[in-house]
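# Structural overview
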Protein chains: 2
Amino acid sequence: MSNTHPLPLTAVIREVGLRDGLQSIAKILPTEHKKEWIRDAFAAGQREIEVGSFVPARLLPQLADTADLLAFAKTLPGLFVSVLVPNMKGAERAIAEGADLMIVPLSASHEHSLANLRKTPDEVISEVARIVAARDAARSSALVEGGVGTAFGCTIQGEVKESEVLRCLQGLLDAGVDRVSMADTVGYADPAAVSRLFEKALKIAGDKFWCGHFHDTRGLALANCYAALEVGVKRFDASLAGIGGCPHAPGASGNASTEDLAFMLASMGVDTGIDVTKLLTLRAKVANWLKGEPTHGAMWRAGLPKNFISGQRSVNPQDVSA
Amino acid sequence: MSNTHPLPLTAVIREVGLRDGLQSIAKILPTEHKKEWIRDAFAAGQREIEVGSFVPARLLPQLADTADLLAFAKTLPGLFVSVLVPNMKGAERAIAEGADLMIVPLSASHEHSLANLRKTPDEVISEVARIVAARDAARSSALVEGGVGTAFGCTIQGEVKESEVLRCLQGLLDAGVDRVSMADTVGYADPAAVSRLFEKALKIAGDKFWCGHFHDTRGLALANCYAALEVGVKRFDASLAGIGGCPHAPGASGNASTEDLAFMLASMGVDTGIDVTKLLTLRAKVANWLKGEPTHGAMWRAGLPKNFISGQRSVNPQDVSA
């Protein structure tokens, strides 16, 4: 159906549990626990972490310590630290606090955009242009990523036209973003749809197409990651223990779980630099902190297969004679 | 990596919940409930059902009513009814009772084969040859399917060599089976491994390669189905509510869930003839009968997306201009 590529030798899992995960959980995790999470994730090999969101603390008290976490994360050598910024105010803070990357969400669904961001998609694109200008004026090295959400449909509006998704993507690029990403915010995607849409997005954005973000609402997050990988996407958002959701998208529960995705990639010989065993230890710790909240995923229960050799491409198609 | 095909327009989900599912559950479902399950699955559009297993009732009392269910299922017009038969004794019963298809399991893992079937793989192949001869001698129209299990590894032995898996597949074909299938009995497969192995299996078996059977132990069943679909597999085993496992393969819990797979396929425009809404109603009924037993899957909780149109290929890649 699509032009599938050989699987890449490496891929990146960006941890978004501390932002997308924790924002959907009422319980407020103490800052010291979050720092331990970041430290252990780094020790397990994760090199890109979204530590929080610069939104008013009264809206998301769970993420009120984002500046503190950003400062801590920046002390870990080689960790690339991102934050979500919904608007210029958030971007100003991210620039001032020295984030490596600001992720600005855009919802391709007009109705979801109004409900979630109180702006139309085009108003978000204009804001992104102002954020890029402010970043440049501040001579900041922070990158700007525009993330197109509800790319496969929306719980409020239903269908979201592909043409509108790609128009938003182009709009973000025209506004000067360094990177674009695409999200199945509410778990409506399927592998064929991912293959189709991401292939087009990659044609438009080239190397600026950065990351796929999938929710496991209907059990398809990993299948969707695989489909994206096949068309050339090499970076995925995921949440430890599969926590996450969107407060304005009912039913949108659970990001792709970091530990399951890390296993799938390692098992396929796609190196993420992650030690799955260490990640499972951290997963147990975080699940314990979040006791009573819904957590997800399969690897924590099943453990590694007996024939699993981490980080090795166990069988290379070229090496094997049938 | 592999030679992926266009996705097929149709695929078949073979229901194995009544056999693979129920055999791993201690609770014995009353025959009347099982008949209701078969009737409702048929009404929801399922046309292939494995109704049980001809094994001694003292070994699997859960499946003691297989002959009764087979007779009932045969009254539904157009339903293709299969049973599992572990040996000649089971096959003789299946032939006598008029099954459409006998599935004979073989485990490519020598150790799993001894633990589960008390025979080596080669002894199973010899038994299959005798079963085919007995079927021919009885002038029965029952088809014989050889299923190669533990095709991606084994919880007892660990690694199972690809060459051994393919040797067993060839052995079954040489023994005269009408069909072969391949199973990730313990949930060790990943999409790349499926793509690689199934492509080779299809080359060997051609049109006789019949069915992929995946367990969701590590959350990859649907991703693996997608990978198999891409290389040309058009039939999948699945269990309603994802029930299932293997008593001799610890940790092997949960088949691909019928309702989630049916949704994935329908969403991609691959017609299975299944009405997902009706299937979800049946799923709720069966889960209620099995209250207290572990059930799986995501669709029962999430429901259908707002933009879902069953049985329609919502966006055809050729029709859409970016």
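Residues numbered from 1 in each chain as written. Chains lettered and ligands numbered in written order. Predicted model: local features only at pLDDT ≥ 70, side-chain atom pairs only at ≥ 80, totals over all residues.

## Brief notes about the overall build of chain A
- Helix and strand content of chain A: 12 helices and 8 strands.
- Here the C-alpha atoms of chain A give a radius of gyration of 18 Å, agreeing with the 20 Å that 2.2 N^0.38 yields for 322 residues.
- C-alpha atoms of chain A, sized along the principal axes, occupy 55 × 45 × 40 Å.
- Buried residues in chain A amount to 58% of all 322 residues.
- Intrachain contacts of chain A at a sequence separation of at least 6 include 75% that bridge at least 24 residues. (Helix = DSSP H or I, 4+ residues; strand = E, 2+ residues; numbered from the N terminus. Rg over C-alpha atoms; globule rule 2.2 N^0.38 Å. Buried ≥ 20, exposed ≤ 12 C-beta atoms within 10 Å, placed from the backbone. Contact = placed C-beta atoms within 7 Å.)

## Some words on the interface of chain A and chain B
- Opposite the 44 residues of chain A that make contact, chain B presents 44 residues.
- Of all elements in the fold, only helix H7 (162-174), helix H8 (191-205), helix H9 (221-230), helix H10 (258-267) and helix H12 (299-302) of chain A reach the threshold of two or more residues within the side of chain A that touches chain B.

## With respect to the relation of the copies chain A and chain B
- When chain A is brought onto chain B, the operation consists of a screw motion whose angular component is 180° and whose axial shift is 0.0 Å, with 0.0 Å RMSD remaining. Interpreted geometrically, this transformation is the action of a two-fold axis. Across chain A, the rotation axis passes nearest the C-alpha of A:Ala223, at a separation of 1.9 Å.
- A symmetric contact is evident, with 100% of the interface residues of chain A recurring at the interface of chain B. (Least-squares fit on C-alpha atoms with pLDDT ≥ 70 in both.)

## Some thoughts on the pairing of strand E3 (residues 80-84) of chain B
Residues and elements named next belong to chain B.
- Judged by how many residues are buried, E3 sits mostly within the fold: 4 of 5 residues are covered.
- For strand E2 (residues 48-53) and E3, the ladder comprises 5 bridges, and the chain directions are parallel. Considered in E3, the bridge of Glu50 is made with Ser82.
- In this fold, the crossover linking E2 to E3 by way of helix H3 (residues 66-73) has right-handed handedness.
- Looking at chain direction, E3 and strand E4 (residues 101-107) are connected through 3 bridges and run parallel. If you follow Ser82 over to E4, its bridge partner there is Leu101.
- Remark: the E3/helix H4 (residues 88-97)/E4 crossover connection has right-handed handedness. (Pairing = 2+ DSSP bridges. Right-handed = clockwise from strand over helix to strand, strands pointing away.)

## Examining the nonpolar core
- Formed by 212 residues in total, the largest nonpolar core has its most connected members in A:Met102 and B:Met102.
- Excluding its chain neighbours within four sequence positions, the residues that come into contact with A:Met102 are A:Val83, A:Val85, A:Ala91, A:Ala94, A:Ala142, A:Val144 and A:Glu145. (Core = buried A, V, L, I, M, F, W, Y, C linked by C-beta atoms within 7 Å.)

## Description of the confidence of the model for chain A
Residues and elements named next belong to chain A.
- Mean pLDDT over chain A stands at 92; residues scoring 70 or higher make up 92%.
- Within the model, the stretch residues 313-322 combines pLDDT values under 50 with 11 contacts to residues more than four positions away or in other chains.
- Overall fold confidence (pTM) sits at 0.94, and the ipTM for the predicted complex is 0.92. (pLDDT = per-residue confidence, 0-100.)

## Examining unusual backbone geometry
All names here are of chain A.
- The phi torsion at Arg118 lies on the positive side, around 55°, for a residue other than glycine.
- Here Arg118 lies in the loop between helix H5 (110-117) and helix H6 (121-137).
- Note on Arg118: 10 C-beta atoms within 10 Å, which makes it exposed.

## Section: the pairing of strand E4 (residues 101-107) of chain A
All names here are of chain A.
- Counting buried residues along E4, 7 of its 7 residues qualify, which places the element largely inside the surrounding structure.
- Alternating positions in E4 separate into two faces, Leu101, Ile103, Pro105 and Ser107 on one and Met102, Val104 and Leu106 on the other, with burial throughout.
- Strand direction decides the pairing type here: E4 and strand E5 (residues 143-149), joined by 7 bridges, are parallel. By the bridge assignment, Leu106 is partnered in E5 with Val148.

## Some thoughts on the packing of helix H7 (residues 162-174) of chain B against helix H8 (residues 191-205) of chain B
Residues and elements named next belong to chain B.
- Axis separation between H7 and H8 bottoms out at 10 Å; the angle between their running directions is 25°. The angle between the axes of H7 and H8 places the two elements in the roughly parallel class. Classified by chirality, the crossing of H8 by H7 is right-handed. Of the residues in H8, those touching H7 at Glu162, Val165, Leu166, Leu169, Gln170 and Leu173 are Leu197, Lys200, Ala201, Ile204 and Ala205.
- Classifying every residue of the contact of H7 with H8 gives 8 nonpolar, 1 polar and 2 charged. (Axes fitted to C-alpha atoms, helices over the stretch in contact; angles between N-to-C directions. Parallel < 35°, antiparallel > 145°, perpendicular 65-115°, else oblique. Left-handed = near helix turned anticlockwise from the far one by under 90°. Nonpolar A, V, L, I, M, F, W, Y, C, P; charged D, E, K, R; others polar.)

## Description of the packing of helix H4 (residues 88-97) of chain A against H6(A)
All names here are of chain A.
- Look at H4 against H6: their axes get within 10 Å of each other, and the N-to-C directions meet at 25°. With respect to their mutual orientation, H4 and H6 come out roughly parallel. Our pair here, H4 against H6, has a crossing hand that is right-handed. Residues Met88, Ala91, Glu92 and Ile95 of H4 pack against Glu127, Arg130, Ile131, Ala134 and Arg135 of H6.

## Thoughts on the environment of B:Gly212
- Relative to the elements of secondary structure, B:Gly212 occurs in strand E7 (residues 209-214).
- In the structure, B:Gly212 is positioned 24 residues away from B:Phe236 in sequence and 4.8 Å away in space, judged by C-alpha atoms.

## Some points on helix H3 (residues 66-73) of chain A
- When H3(A) is considered as a whole, its buried residues turn out to be A:Thr66, A:Leu69, A:Leu70 and A:Ala73. End-on, the buried residues of H3(A) take up no more than an arc of 100°, which puts them together on one face. (Arc of directions from axis to C-beta.)

## Side note on H5(A)
All names here are of chain A.
- Among the residues of H5, His112, Ser113, Asn116 and Leu117 are the ones counted as buried. Viewed end-on, H5 has its buried residues packed into an arc of 105°, placing them on one side of the element.
- Check the buried side of H5 and you find it contacts E4 and H6.
- Directly beyond the C-terminal end of H5, a positive phi value near 55° is found at Arg118.

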